[in-house]
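Observations on chain architecture
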Amino acid sequence: MLKTFPIGGVHPPENKITADAAIEFLPVPSSVVIPVTQHIGAPAAIMVNKGDYVRTGQKIAESKGFVSSNIHSSVSGKVNKTDLVTDTSGYKQPAVFIDVEGDEWVETIDRSNEIITEVKLSGEEIIKKCLESGIVGLGGATFPSHVKLTVPSGKKCDVLIINGVECEPYLTSDHRLMLEKGEEVLIGVTILMKALNVNKALVGIENNKTDAINHLTKLAPIFPGITVHALKVKYPQGAEKQLIKALINREVPSGRLPLDVGTVVHNVGTAYAVYEAVQKNKPLFERVVTITGKSLSKPGNYFVRIGTPVRCLIEAAGGMPEDTGKIVNGGPLMGKAINNTDVPVVKGTSGVILFPKEESQRMEISRCIRCAKCIDACALNLEPYLLMTLSERGLFERAEHERITDCMECGACSYICPAGRPLLDYIRLGKTSVMKMVRERNMK
Amino acid sequence: MSLTVLLTIICLSILALFSSIILYFIAQKFKVFEDPRIDEVQAVLPAANCGGCGFAGCRNFAEALVKAETFEGLNCPVGGATVMGSVAKLLGKEAPQVDPTVAVLLCNGTPEFRPRTSRYNGASDCRISHNLYIGETDCSYGCLGLGDCVRACTFDAIHMNSETELPVIIDDKCVSCGACVKACPRKIIELRKKAKKDRKIYVTCSNCEKGGPARRACKVACIACGKCVKVCAFDAITIENNLAYIDANKCTFCRKCVTECPTSCIIEVNFPPRKSVIEVEAGVVNDNPNV
């Protein structure tokens, strides 16, 4: 019996079209736009001015505060301007616009293909390096990694969990990374283990990626402490709390962090970025992005420089199909539709999916038929139908009591609802309202 | 048989007598004094319980009125001067003069002026759409058209116009309780001072962006060109955050700004038609504010 988390979950069609497409390098575009908020936390402060020449890998925005991250230039060229840019939500946020000239990297970056196994830096130096290199969680949440690696006094971490689950349908960026850069990923895991001072790391991979599981299992014996585990395919297994429950059978209490049960979860993409930062001195300015869709002529996985417009990705994949009805940034369940193909790829972009028109419409909303499928689907033991009603009617105090803030917004309830009710839409609204209410209460 | 009935009646009567004596003393002991004027004031209030006064309901407002030293800051927008006057008379205080207001929508982004660049397919709720993304148009300040204000209005004063995709506020029904102002996530409904014959001149735009992007998103956006400020002889117009604002207290309804505005974002409502189009085009505008 394969391991999995016990409560809830759904199994959407996998549609991993690009699972066999090797990662290619996307050509550097003629200009990039690099937003300064690509992470959770305070926006970084821009350090460059109009007309400055920057090189690939040069720091262009500095982290402000503990929960923040540095931003590096992904190309070499002249800073055209620092202005507002439309992000994936359509709202404006500050960004650095760079016109590309050649591709001159900062000298300190090791561009060779040689794999460096030996980790020379100490734990503290590794954390500093992560901060310096602007490493954030590449699974999608983009939480600054150095914060996660810093174990506060009084807490203990005894096992590291590596998330290679990639439970979202369509996306294959982590899958390809594990297959093609398996050794680098595992060295990255070793580095993370050293930073956290633990001697055990578990890599969890869903069983629909047997090639990756076999590849990493073969490599793992070289790296002491690392074991690879196959997991039953079930969404949302990639969620932190669910993965912890599945792999080490510990339950993170409501409102607490994985560190409270002695573990930390990092994504395989993050492990690879950490490897590059620590062993190759390469800051995070490039990531693997899956560009996929049923009607695309050339869907694939690409190493994309941060700041590249989504448009370039679509062009590389054979151009936008005529029947495109919706472009989603991220996975189909948690991702967000974008209204503009000029939005840049950021650190948190794991994939871009083009849905044909007939698949892009939501169901017509009808009444709740009390089937309780949403309750069965919820991995957090919540009652989505109730939370939706409470948010709809503005009963936020009751919603708080019903633990609306526990919701991780995985969307399993909306996916499963046979009445097409916008459960997550309203739960999100309730969650933000409750969080605002709690903040105001704490201020008093 | 008849004795049983009789005994039962006697026993129960004695029990009732004792209970009532005990209850009487308990009621006296725990008696809460309530100012009788609260009931009287509440009877005068409109009993709409809309919350427009800032209190939980009419009873709550009546309590506050009875307790208050002066009526400063206390006003029932629904009842207006008449109700406040009779309350003041009842309590022997003076009601301050409060100008009646009416809700206006500070957006004129119809599909014709403000093209739809995407389609929103989620839950029909402005707050959700606002939190999620910019909306169906390129304007991040304008009306989302999903009708939170319509649902918030308990006076049936707002309805959606399916052609303009914008809410329409009926002046006669609006009591300016402010429920729509609170409900709107984009804060584009303003309570403006009422004028004679419900005349209004105001800037129907809330876009704080610079002229270029604002105009690209919507043809009738305020581009903060400042022409209205220059033409206004009464200092009623100010520009802040790339947005013109007409002070209703200073405005004399001369309508010069309306003709001057290059994007037609300043509109006039409930005015009689102008004398002649040729005169207006030649720059001859009627200066008489009472026309």
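Note that the coordinates shown come from a computational prediction; the quantities given were computed from them, not determined experimentally.

1. Let's talk about the overall build of chain A
In terms of regular secondary structure, chain A is built from 14 helices and 17 strands. For chain A, whose C-alpha radius of gyration is 21 Å, the value lies close to the compact-globule estimate of 22 Å for 444 residues. Dimensions of chain A along its principal axes, counting C-alpha atoms only, are 60 × 50 × 50 Å. Of all 444 residues assigned to chain A, the portion counted as buried reaches 55%. Considering only contacts within chain A whose residues lie at least 6 apart along the sequence, 73% involve residues at least 24 apart. For chain A, the exposed surface amounts to about 19100 Å²; the carbon and sulfur share of it is 51%. With 53 positive and 49 negative side-chain charges, chain A shows a separation of 5 Å between the mean positions of the two kinds.

2. Details of the sheet that holds strand β7 (residues 77-86) of chain A
Read across the sheet, four strands follow the order β2-β8-β7-β4 (chain A) without closing on themselves; strand pairing throughout is antiparallel. With partners counted over all chains shown, the strands left at the sheet margins are β2 (31-35) and β4 (53-54) of chain A, one partner each.

3. Topic: the pattern of salt bridges
Under the criterion given, the structure shown has 35 salt bridges over all chains. With a closest N to O distance of 3.2 Å, A:Lys282 and A:Glu276 form a salt bridge. Neither A:Lys282 nor A:Glu276 differs from the other in exposure class; each is buried. A salt bridge links B:Arg59 to B:Glu63, with the shortest nitrogen-to-oxygen separation between them at 3.9 Å. With B:Arg59 and B:Glu63 both in helix α3 (residues 58-67) and four residues apart, this pair spans about one turn of that helix.

4. Some remarks on the confidence of the model for chain B
With 94% of its residues at a pLDDT of 70 or more, chain B shows a mean pLDDT of 89. Across the whole predicted complex the pTM is 0.86, and at the interface the ipTM reaches 0.87.

5. Considering the domain arrangement of chain B
Residues and elements named next belong to chain B. If you check the domain split of chain B, you get domain 1 (36-91) and domain 2 (101-279). Look at where the C-alpha atoms of domain 1 and domain 2 centre, and you get two points 31 Å apart. Three residues stand out in domain 1 for area buried against domain 2, namely Cys50, Pro77 and Val78, and they jointly supply 70% of the buried area on that side. Counting every contact that joins domain 1 to domain 2 gives zero salt bridges. Where domain 1 meets domain 2, there are zero residue pairs in polar contact (both at pLDDT 80 or more). Each residue belonging to the side of domain 1 that touches domain 2 can be placed in one class, and the counts come to four nonpolar, two polar and no charged.

6. Here's the deal with the domain arrangement of chain A
Residues and elements named next belong to chain A. Domain assignment breaks chain A into domain 1 (1-23 + 108-361) and domain 2 (373-443). The gap between the C-alpha centroids of domain 1 and domain 2 is 27 Å. The contact between domain 1 and domain 2 buries some 1100 Å² in all, and 62% of this surface belongs to carbon and sulfur atoms. Counting the surface domain 1 buries against domain 2, the share from its top three residues, Ile7, Val10 and Ser254, is 35%. Where domain 1 touches domain 2, the interface holds zero salt bridges. For the interface between domain 1 and domain 2, the tally reads five residue pairs in polar contact (both at pLDDT 80 or more). Considered class by class, the residues forming the side of domain 1 that touches domain 2 number 10 nonpolar, six polar and no charged.

7. A closer look at the packing of α3(B) against helix α4 (residues 80-91) of chain B
Residues and elements named next belong to chain B. Here α3 crosses α4 at 50°, and the two axes come no closer than 11 Å. The orientation of α3 relative to α4 falls into the category oblique. For the pair α3 and α4, the crossing hand works out as right-handed. Facing Phe61, Leu65 and Val66 of α3, the residues of α4 in contact are Met84, Val87 and Leu91. When grouped by side-chain class, the residues that make up the contact of α3 with α4 number six nonpolar, no polar and no charged.

8. A short note on helix α6 (residues 240-248) of chain A
Turn by turn, an α-helix covers 3.6 residues, leaving residues three or four places apart pointing in a common direction. Residue and element names in this part refer to chain A. Of all the nine residues making up α6, seven are buried; the element is thus mostly covered by neighbouring parts of the structure. Taken together, the buried positions of α6 are Gln242, Leu243, Ile244, Lys245, Ala246, Leu247 and Ile248. On the buried face of α6, the contacting elements are β9 (159-163), β10 (201-206), β11 (226-231) and β12 (263-267). Downstream of α6 by one or two residues, asparagine 249 has phi in the positive range, about 55°.

Conventions used here
- Residues numbered from 1 in each chain as written.
- Chains lettered and ligands numbered in written order.
- Predicted model: local features only at pLDDT ≥ 70, side-chain atom pairs only at ≥ 80, totals over all residues.
- Heavy atoms only, no water.
- Helix = DSSP H or I, 4+ residues; strand = E, 2+ residues; numbered from the N terminus.
- Rg over C-alpha atoms; globule rule 2.2 N^0.38 Å.
- Buried < 20%, exposed > 50% of the residue type's maximum accessible area, 1.4 Å probe, protein only.
- Contact = heavy atoms within 4.5 Å.
- Areas by Shrake-Rupley, 256 points an atom, 1.4 Å probe, with all protein chains shown as cover.
- Lys, Arg positive; Asp, Glu negative; His and termini not counted.
- Charge placed at Lys NZ, Arg CZ, Asp CG, Glu CD.
- Pairing = 2+ DSSP bridges.
- Salt bridge = Lys/Arg side-chain N within 4 Å of Asp/Glu carboxyl O.
- pLDDT = per-residue confidence, 0-100.
- Domains from an automatic or database assignment.
- Buried area = accessible area lost by both parts, 1.4 Å probe.
- Polar contact = N/O pair within 3.5 Å; in protein donor to acceptor, adjacent residues only side chain to side chain.
- Nonpolar A, V, L, I, M, F, W, Y, C, P; charged D, E, K, R; others polar.
- Axes fitted to C-alpha atoms, helices over the stretch in contact; angles between N-to-C directions.
- Parallel < 35°, antiparallel > 145°, perpendicular 65-115°, else oblique.
- Left-handed = near helix turned anticlockwise from the far one by under 90°.

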